[in-house]
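Coordinate analysis (summary)
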Amino acid sequence: MPATIIDGKAFAAKVRAQVADHVTRLKDAHGITPGLAVVLVGEDPASQVYVRSKGKQTVEVGMKSVEHKLDAETSEADLLAVIDQLNNDPEIHGILVQLPLPKHLDEDLVINSIAPEKDVDGFHISNVGLLGTGQKSMVPCTPLGCLMMLRDHHGSISGMDAVVIGRSNIVGKPMAQLLLGDSCTVTIAHSRTKDLAEVVRRADIVVAAVGRPQMVPGDWIKPGATVIDVGINRLDAPERGEGKTRLVGDVDYDSCAAVAGAITPVPGGVGPMTIACLLANTVTACCRANGLDEPDGLTA
Ligand code: NAD
């Protein structure tokens, strides 16, 4: 039987609609508009695209969007001053500093200067600790999107064997914590893992977050397993015309889809969920800041 395709684009639209509904309720019942501030330092073209897209979607769900664009030479002190001002702005409920930062800026210092309750990326050390100890936190957007899709597809994932390939602070580690929080038996594999194929073959759930195009072949996948492909890799595609490229994930889609029970495509799987979860985190942060009920199903 062919694998079910988990449609992240459609799911993200559902999440955005739920966020928009909640924003309307916050405005009508409490006169509160959730606000998201994005800080971009420098002119990295990919970061500019992400920031534009975040701003557009923030406005589309009815929230206030603020962008701070600072030049590439901005000093650490000036950047910290912008964050301090946003930390103290009652109309701003979420702050995101677009990564990567230029080399002269200390990323850890900058992220840890964001007020934890406004840290909608979930990268502040307090949120990392809260997530690791199973307490209420702001949860990193990409792993949160993966968890939402898994819960939606399976209902419960309790007791399932999950393998996360990749141990980054942004995806792999928080993903493993979330799966553990939902009572999976979790293995984290990485570049030094011995016999990765055998490790992956045990898994009912495989989350690939490596950054290596199509590295997981179908014969590593247990029949019927669910495959969540976080990877975004750009390959040359001369067949589409000169200079053209195409996006592929970290799993070899065709061979994995032939064996898996369910799979996320690239593009159209995990990618669209990430910004939807950023909006979800902002509305959650706004509710928490105002002592109001959070929307159901939008956090871990
Ligand atoms: P990263 O480079 O920080 O981490 C990659 C991890 O993969 C490392 O922990 C490393 O140990 C592991 N690894 C490297 N080679 C390996 C190998 N041969 N076998 C097993 N493990 C290996 O990357 P990241 O930030 O976690 O991102 C991973 C991928 O996910 C990238 O393609 C990135 O573009 C994508 N990504 C997508 C989204 C999204 O919104 N969909 C968000 C973040 C990252």
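In what follows, the structure referred to is the one given above.
Residues numbered from 1 in each chain as written. Predicted model: local features only at pLDDT ≥ 70, side-chain atom pairs only at ≥ 80, totals over all residues. Heavy atoms only, no water.

So, on to the packing of helix α1 (residues 8-30) against helix α10 (residues 270-289). Following both chains from N to C, one finds α1 and α10 inclined at 20 degrees, their axes separated by 9 Å at the closest point. Classified by the angle their axes make, α1 and α10 are roughly parallel. Here the hand of the crossing between α1 and α10 comes out left-handed. Judged by residue contacts, Gly8, Lys9, Phe11, Ala12, Val15, Arg16, Val19, His22, Val23 and Leu26 of α1 engage Pro272, Met273, Ala276, Leu279, Ala280, Val283, Cys286 and Cys287 from α10. Split by residue class, the contact of α1 with α10 holds 14 nonpolar, two polar and two charged. (Axes fitted to C-alpha atoms, helices over the stretch in contact; angles between N-to-C directions. Helix = DSSP H or I, 4+ residues; strand = E, 2+ residues; numbered from the N terminus. Parallel < 35°, antiparallel > 145°, perpendicular 65-115°, else oblique. Left-handed = near helix turned anticlockwise from the far one by under 90°. Contact = heavy atoms within 4.5 Å. Nonpolar A, V, L, I, M, F, W, Y, C, P; charged D, E, K, R; others polar.)

Near the ligand lie 21 residues; those nearest to it are Arg167, Ser168, Val230, Ile232 and Thr274. Between the ligand and Arg167, the relevant distance is 2.8 Å, taken from an oxygen atom to a main-chain nitrogen or oxygen of the residue. The contact in question runs from an oxygen atom of the ligand to an N or O atom on the backbone of Ile232, over 3.1 Å. When the ligand is considered free in solution it has 860 Å² of accessible area, and contact with the protein chains removes 71% of it. Top contributing element to the shell around the ligand by residue count: α10, with three residues. The class makeup of the residues in the shell around the ligand is nine nonpolar, 10 polar and two charged. (Near = heavy atom within 4 Å. Polar contact = N/O pair within 3.5 Å; in protein donor to acceptor, adjacent residues only side chain to side chain. Areas by Shrake-Rupley, 256 points an atom, 1.4 Å probe, with all protein chains shown as cover.)

Let us look at the pattern of salt bridges. One pass over the full model with this rule turns up nine salt bridges. When the shortest N-O distance is used, the salt bridge between Lys56 and Glu60 registers 3.3 Å. Placement of both Lys56 and Glu60 in helix α2 (residues 45-60) is noted, with a separation of four residues, approximately one turn of the helix. Like Glu60, Lys56 is exposed. Between Lys222 and Asp204 there is a salt bridge whose closest N-O contact spans 2.8 Å. Taken as a pair, Lys222 in the loop between β7 (205-208) and β8 (226-229) and Asp204 in the loop between α8 (196-201) and β7 lie far apart in primary sequence, 18 residues in all. (Salt bridge = Lys/Arg side-chain N within 4 Å of Asp/Glu carboxyl O. Buried < 20%, exposed > 50% of the residue type's maximum accessible area, 1.4 Å probe, protein only.)

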